[in-house]
Amino acid sequence: EPEVTQTPSHQVTQMGQEVILRCVPISNHLYFYWYRQILGQKVEFLVSFYNNEISEKSEIFDDQFSVERPDGSNFTLKIRSTKLEDSAMYFCASSEAGFTTQYFGPGTRLTVL
Amino acid sequence: AQTVTQSQPEMSVQEAETVTLSCTYDTSESDYYLFWYKQPPSRQMILVIRQEAYKQQNATENRFSVNFQKAAKSFSLKISDSQLGDAAMYFCAYMSITGTYKYIFGTGTRLKVLA
């Protein structure tokens, strides 16, 4: 069965550094999402992406964040200058259509020191 | 804004017994989707069951069933004949059909299955 994959599984970075989290959605899916989960808290929506543009972004998704689908298969989340509070688990998800079930990747654990 | 509440941080069940996980939500919309996702340790979230709000019939998937009470805004998950492999974090999620289809999650319930 097709799966969403994410790399790396764990990323450690210094505060102020840029990180890129990578996701490979399921191949025929058209809608892409990033969520994050700070340890002990609920999973929160960050951004949705369709037709090569952002559909919606949350308040968390400020100017430090950006998303890109650089080559038709990868979907990336970039954090330009990481802060301590960006430490979290980041989940990528994709869906075939907007109202269909989202399939989640295993997550990238980001630790900012 | 919509909210989802899971009031049970942790639940335990004996193997082969039945357990019910609670979820309530708040919305002013009349049509939406509700989901239960399972997240085993160090694994990704996988869909357990999905309910369309316009359907009165409760969704079922093998040993998993829901009790969807639209008026009460309640969406509980019943797991029958619990198995050791059911041990996981369970998340309830809400999705509006207007807008961009983002999920709104509850805080999750950790289910332990006792042998």
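Note that the coordinates shown come from a computational prediction; the quantities given were computed from them, not determined experimentally.

Draft legend 1. Quick look at the pairing of strand β6 (residues 46–52) of chain B. Residues and elements named next belong to chain B. For β6, a buried count of five out of seven residues is recorded, marking the element as mostly surrounded by other parts of the structure. Two strands pair when backbone bridges link them, and strand β5 (residues 32–39) and β6 are joined in this way by six bridges, in the antiparallel orientation. Opposite tryptophan 36, over in β6, you have isoleucine 49 as the bridge partner. Hairpin remark: β5 followed by β6, antiparallel, with six residues in the connecting loop; positive phi at serine 42, about 60 degrees.

Draft legend 2. Molecular detail of the state of the cysteines. Tallying each qualifying case throughout the model produces two disulfides over all chains. Shown here is the disulfide that connects A:Cys23 with A:Cys92, its sulfur atoms set 1.9 Å apart. Because the sign of the S-S torsion sets the handedness, a value of about -65 degrees for the bond joining A:Cys23 and A:Cys92 places this disulfide among the left-handed ones. Here the residue A:Cys23 occupies a position in strand β3 (residues 19–24), and A:Cys92 occupies one in strand β9 (residues 88–95), the gap between them amounting to 69 residues. Residue classification places A:Cys23 among the buried residues on the basis of a relative accessible area of 1%. Exposure remark for A:Cys92: the relative accessible area of 0% places this residue in the buried category. Here B:Cys23 pairs with B:Cys92 through a disulfide, and the sulfurs are 2.0 Å apart. Torsion about the S-S bond of the B:Cys23 and B:Cys92 cystine: about -65 degrees, corresponding to left-handed handedness.

Draft legend 3. Seen up close, the nonpolar core. Ranked by size, the top nonpolar core spans 26 residues in total, and within it B:Tyr25, B:Trp36, B:Phe75, B:Leu77, B:Tyr90 and B:Leu111 carry the most contacts. Looking at this core, the elements that each hand over two or more residues are β3 (19–21), β5, β6, β8 (64–69), β9 (74–79), β10 (88–96) and β12 (109–114) of chain B. Sort the elements by how many residues they give to this core and β10(B) lands first, with four residues. Apart from residues no more than four positions distant in its own chain, B:Leu77 is found in contact with B:Val19, B:Thr20, B:Leu21, B:Trp36, B:Val48, B:Ile49, B:Phe64, B:Ser65, B:Val66 and B:Tyr90. Counting 22 residues, the second-largest nonpolar core is a separate cluster that includes A:Cys23, A:Phe32, A:Phe75 and A:Ile79.

Draft legend 4. Spotlight on the pattern of salt bridges. Residue and element names in this part refer to chain B. Applying the stated criterion to the full structure yields nine salt bridges over all chains. The residue lysine 112 makes a salt bridge to glutamate 10 at a minimum N-O spacing of 3.4 Å. Taken together, the positions of lysine 112 in strand β12 and glutamate 10 in strand β2 (residues 10–14) put the pair 102 residues apart, joining distant regions of the chain. Note on lysine 112: relative accessible area 39%, which makes it partly exposed.

What counts as what
- Residues numbered from 1 in each chain as written.
- Chains lettered and ligands numbered in written order.
- Predicted model: local features only at pLDDT ≥ 70, side-chain atom pairs only at ≥ 80, totals over all residues.
- Heavy atoms only, no water.
- Buried < 20%, exposed > 50% of the residue type's maximum accessible area, 1.4 Å probe, protein only.
- Helix = DSSP H or I, 4+ residues; strand = E, 2+ residues; numbered from the N terminus.
- Pairing = 2+ DSSP bridges.
- Disulfide = S-S within 2.5 Å.
- Core = buried A, V, L, I, M, F, W, Y, C linked by side-chain atoms within 4.5 Å.
- Contact = heavy atoms within 4.5 Å.
- Salt bridge = Lys/Arg side-chain N within 4 Å of Asp/Glu carboxyl O.

Such coordinate-based values are descriptive only and should not be taken to indicate function.
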